[in-house]
Amino acid sequence: MGKDIFVWVEQFHGQAAIPSWEAIGAARQLSETLGGQVCACVFGENVGDLAKEAIAYGADKVFLADDPTLADFRVEPYAALLAHLAKEHQPEVILIGATSRGRDLGPAVAVDLETGCVADCTALEFEDGKLVATRPIYAGKLLSTCTIPERRPAIFTVRPRAFAKPDPDEGRQGEVVSVEPVLKEEEIACKVTGFEETEGGVSLTDAAIIVSGGRGVGGPEGFEPIRELAEVLGAAVGASRAAVDAGWIPYEHQVGQTGKTVSPDLYIACGISGAIQHQAGMRTSKVIVAINKDPEAPIFQLAHYGIVGDLFKYVPALTKALKERLGK
Amino acid sequence: MHIVVCTKQTPDSAAKLTVDEAGNVSWGDSPIIINPWDEYAVEEAILIKERFNGEPKVTVISMGPEEALEALKHAIAMGCDEGIRVWDEAFENSDTLATSYVLAKAIEKMGDVDLVLFGKSAIDSQTGQVPIEVARRLGFSPLTYVIKIVELDIEGRTITVERLLEQGRQVVKAPLPAVIGTVKGINEPRYPSFMGIRKATRAQYPVWTGADIGVEPDKAGAAGSGVRWERIFPPPVREGGAEIIEADTPEEAARILVDKLMAEKVI
Ligand SMILES: Cc1cc2nc3c(=O)[nH]c(=O)nc-3n(C[C@H](O)[C@H](O)[C@H](O)COP(=O)(O)OP(=O)(O)OC[C@H]3O[C@@H](n4cnc5c(N)ncnc54)[C@H](O)[C@@H]3O)c2cc1C
Ligand SMILES: Nc1ncnc2c1ncn2[C@@H]1O[C@H](COP(=O)(O)O)[C@@H](O)[C@H]1O
């Protein structure tokens, strides 16, 4: 009999987080070697549809816990339930998207099961029968490989966009097993009393394209052309710390060592010099474009394509060219 | 009220790093500093102390060898009351599972802790796992990604915080004792004052060993770890820098760039 892989399916307000599907994709790959089933763990309230979605994305089996105590992610009930399921079913591996919630859940479960959790993996491969994880360290200046030699299950959180999202197949069949939560509401210390959603726009960590502005945009209004470009591309807006510290744009948009780590297909840096701490957050982007009037700016070392010039001329020109080409 | 801040030392974030064949990382003559993320935790602890008229005691702890003193000293210079280094040769090669066990043991020994503050992650290993693991081990309310302490009710023994998640800010109320994982934006860390630096230089930094805090040897260090680091290496370098797009007008440059990006299939 093969060895199973658990994948935690994260949801917010009933919608799945993309990194969970990427994790299912990664699990399918690993299961070719391990030979067991891919088991999705779907916890929430009124999330029956997510179980079907998980199967379409590649799960063989779904553990579905549908309960008001699980409506919002909270580490206590979620970790207790995932650890309980893991004890009962003894999976070889647990994969979790390395989102805010996933980065809490993985290590919490690791403590409960006295096992290892490798954070923020960008690759997972079998080498001589050992599962080896690659992860960036020192702000991406170095890479490391890690294994979990003895303890089981081996837990890995996987960096968003590091693994391909599978194409869903509505025709796939799978088994759905209903499970009960472990904790009752009165046993859970944390109470969620409010939520203020960040207004509009695409989330940075999920975005396939990011357009970022730095000190070079000169002021809060300098983000207007950046936003217009982002809009035609369906992109998220990012920023350097200099722009955030100046108060031109909220911290939520900051990319870099003390901001978000992103890995989009396309990153367009406008008026950003490319300090090492900014690079830390975006260097793994697939294609990087820099628009900067200083030909010596370090960002041109990292970028694939560069335009040396005034962003206030080139960014609107790019927006216009894209509108024409993309027919918008 | 007793507040503990957990911190560690790291090489400066601007350091040029090299790795040798054996995987040893070196940062040349770049200084060892307090993990930059931890300054937010230290600052928040001091702000709480100030808000309650200096009544809460702020202890800063670090599990680490001699160099860990750099982090403790910086925290004392900013305004923490006491610094304790937790170290034993048996703690070497601890992953986060083992580190969190040792830190939890040290906090348990103090006995009277209401809040434990952490940075978001260590800029060297960047796992971000220790805060939640310590919370889980101690059974303290697990509050990570905290960008604002909305209310700290010492009498009622509750804390309300705003947590920064992907989709926005979540407000959570939880009982004390609690673990608070801080993020940038929660405050603006102060620079140590001259007086503070003097105090930090003169302060005593007791060392707690495994025996002092009742650590079971097979739960710390490599024996207590789940994760093993195999190799450390520089990322593959990209040759040559950017292809600079030359054109007579911005419009033409834009058209050329769009062609390239379409050929790359990223738009
Ligand atoms: C511990 C630590 C953590 C940090 N974390 C982060 C982080 O998370 N993220 C981050 O971004 N930074 C971070 N920094 C700061 C980082 O070191 C840089 O200071 C910052 O990234 C600089 O931002 P910038 O590129 O926008 O500004 P600058 O370096 O000032 O660059 C502005 C650029 O804009 C160009 N420019 C100006 N006008 C125009 C124009 N009209 N058209 C085109 N180009 C123009 C200039 O040529 C220049 O290259 C951190 C620093 C430290 C010490
Ligand atoms: N050895 C240590 N001693 C004390 N605190 C630590 C130690 N390692 C990590 N921490 C704390 O845990 C946070 C997250 O670290 P990490 O999980 O290693 O990325 C840091 O910002 C510190 O506040």
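Everything in this summary refers to the structure shown in the same document. Worth saying up front: this structure is predicted, and the values here are computed from it rather than measured.

**A short note on the site of ligand 1**
- Around ligand 1, the surrounding shell holds 26 residues, and the nearest of these are Arg215(A), Ser240(A), Thr258(A), Ser273(A) and Gln277(A).
- At ligand 1, the nearby residues belong to more than one chain, namely chains A and B.
- Here an oxygen atom of ligand 1 and a backbone polar atom of Gln257(A) are 3.0 Å apart.
- Separating a nitrogen atom of ligand 1 from a side-chain N or O atom of Asp310(A) is a distance of 2.9 Å.
- Look at ligand 1: alone it shows 980 Å² of surface, and the protein chains cover 79% of it.
- For the shell around ligand 1, the elements supplying multiple residues, two or more each, are α6 (241-245), α7 (276-282) and α9 (311-325) of chain A.
- Its residues assigned to classes, the shell around ligand 1 comprises 6 nonpolar, 15 polar and 5 charged.

**A word on empty space enclosed by the protein**
- Across all of its chains, the model carries 2 cavities of 30 Å³ or more by this definition.
- A volume near 100 Å³ is recorded for the largest cavity.
- Forming the walls of the largest cavity are 14 residues, and the residues nearest its centre are Arg74(A), Val75(A), Cys190(A), Pro142(B) and Arg163(B).
- Of all the elements in the fold, those that place two or more residues in the lining of the largest cavity are α3 (75-89) of chain A together with β9 (141-153) and β11 (168-175) of chain B.
- Per element, the largest residue contribution to the lining of the largest cavity is 3 residues, and it comes from β9(B).
- Taken together, the residues of the lining of the largest cavity break down into 8 nonpolar, 2 polar and 4 charged.
- A volume near 70 Å³ is recorded for the second largest cavity.
- What lines the second largest cavity is Tyr138(A), Ala139(A), Lys141(A), Gln257(A), Pro11(B), Asp12(B), Ser13(B), Ala15(B), Leu17(B) and Ile123(B).

**What about the site of ligand 2?**
All names here are of chain B.
- Cys-6, Asp-38, Met-63, Ala-122 and Gly-128 are the nearest of the 20 residues found near ligand 2.
- Measuring from an oxygen atom of ligand 2, one finds a side-chain N or O atom of Asn-35 at 3.2 Å.
- With respect to ligand 2, the side chain of Asp-38 contributes an N or O atom lying 2.4 Å from an oxygen atom.
- Burial of ligand 2 by the protein amounts to 96% of the accessible area it has alone, namely 480 Å².
- It is strand β6 (residues 57-63) that provides the largest number of residues to the shell around ligand 2, a total of 3 residues.

**Some points on the pattern of salt bridges**
- Applying the stated criterion across every chain yields a total of 32 salt bridges over all chains.
- With a shortest N-O distance of 3.4 Å, Asp60(A) and Arg28(A) are connected by a salt bridge. Of the two residues, Asp60(A) sits in the loop between α2 (48-57) and β5 (61-66) while Arg28(A) sits in helix α1 (residues 18-34), which places them 32 residues apart along the sequence.
- The class of Asp60(A) is buried, set by a relative accessible area of 19%.
- Assessed through its relative accessible area of 26%, Arg28(A) is described here as partly exposed.
- Overlapping salt bridges bring together Glu10(A), Arg101(A) and Glu166(B) as one network.

**Thoughts on the sheet that holds strand β9 (residues 130-137) of chain A**
- Read from one edge of the open sheet, 4 strands run β8(A)-β9(A)-β10(A)-β14(B), paired in antiparallel fashion. Strands with a single pairing partner mark the edges of an open sheet, and in this sheet they are β8 (123-127) of chain A together with β14 (228-233) of chain B. Between one strand and the next, the sheet's axes are offset by a mean angle of 30 degrees, whatever the strand orientation.
- Pairing between β9(A) and strand β10 (residues 142-147) of chain A: 5 bridges, direction antiparallel. Each residue of the ladder has a partner; that of Thr134(A), found in β10(A), is Thr145(A).

**What about helix α2 (residues 68-78) of chain B?**
Residues and elements named next belong to chain B.
- Of all 11 residues making up α2, 8 are buried, and the element is well covered by its neighbours.
- Those residues of α2 that fall on the buried side of the exposure criterion are Ala-68, Leu-69, Ala-71, Leu-72, Ala-75, Ile-76, Ala-77 and Met-78.
- Buried residues belonging to α2 abut β2 (9-11), β5 (32-34), α1 (38-51), β6, β7 (82-86) and α5 (194-202).
- Of the residues flanking the end of α2, it is Gly-79, one or two places downstream, whose phi is positive at about 140 degrees.

**Considerations on the packing of aromatic side chains**
All names here are of chain A.
- Here the structure, examined in full by the defined rule, presents 9 aromatic pairs over all chains.
- Pairing Phe-6 with Phe-63 gives two aromatic rings, centres 5.5 Å apart and planes at 55 degrees, and the pair type is tilted. One end of the pair, Phe-6, is in strand β1 (residues 3-9); the other, Phe-63, is in strand β5, with 57 residues separating them in the sequence. One exposure class covers both Phe-6 and Phe-63, and it is buried.
- Pairing Phe-12 with Phe-195 gives two aromatic rings, centres 5.0 Å apart and planes at 45 degrees, and the pair type is tilted. Pair noted here: Phe-12 is in strand β2 (residues 11-12) and Phe-195 is in strand β13 (residues 191-197), with a separation of 183 residues, a long-range link.
- Using a relative accessible area of 12% as the deciding quantity, one classes Phe-12 as buried.

**Considerations on the pairing of strand β11 (residues 154-158) of chain A**
Residues and elements named next belong to chain A.
- Most of β11 sits out of view: 5 of its 5 residues are buried.
- Burial of β11 is two-sided: the residues Ala-154, Phe-156 and Val-158 facing one way and the residues Ile-155 and Thr-157 facing the other way are all buried.
- In this structure, strand β6 (residues 93-97) lies alongside β11, joined through 5 bridges in parallel fashion. Looking at the pairing, Val-93 lines up with Ala-154 of β11.
- In this sheet, β11 lies alongside strand β7 (residues 117-121) in parallel orientation, the contact comprising 3 bridges. Bridged to Cys-121 within β11 is Val-158.

Cut-offs used in this document
Residues numbered from 1 in each chain as written. Chains lettered and ligands numbered in written order. Predicted model: local features only at pLDDT ≥ 70, side-chain atom pairs only at ≥ 80, totals over all residues. Heavy atoms only, no water. Near = heavy atom within 4 Å. Polar contact = N/O pair within 3.5 Å; in protein donor to acceptor, adjacent residues only side chain to side chain. Areas by Shrake-Rupley, 256 points an atom, 1.4 Å probe, with all protein chains shown as cover. Helix = DSSP H or I, 4+ residues; strand = E, 2+ residues; numbered from the N terminus. Nonpolar A, V, L, I, M, F, W, Y, C, P; charged D, E, K, R; others polar. 1 Å grid on protein atoms, 1.4 Å probe; cavity = no way out; pocket = protein on both sides within 12 Å on 5 of 7 lines; lining within 4 Å. Points joined across faces, edges and corners; volume = space filled by probe spheres on them. Salt bridge = Lys/Arg side-chain N within 4 Å of Asp/Glu carboxyl O. Buried < 20%, exposed > 50% of the residue type's maximum accessible area, 1.4 Å probe, protein only. Pairing = 2+ DSSP bridges. Axes fitted to C-alpha atoms, helices over the stretch in contact; angles between N-to-C directions. Contact = heavy atoms within 4.5 Å. Phe/Tyr/Trp six-rings, centres within 6.5 Å; stacked < 30°, edge-to-face > 60°.

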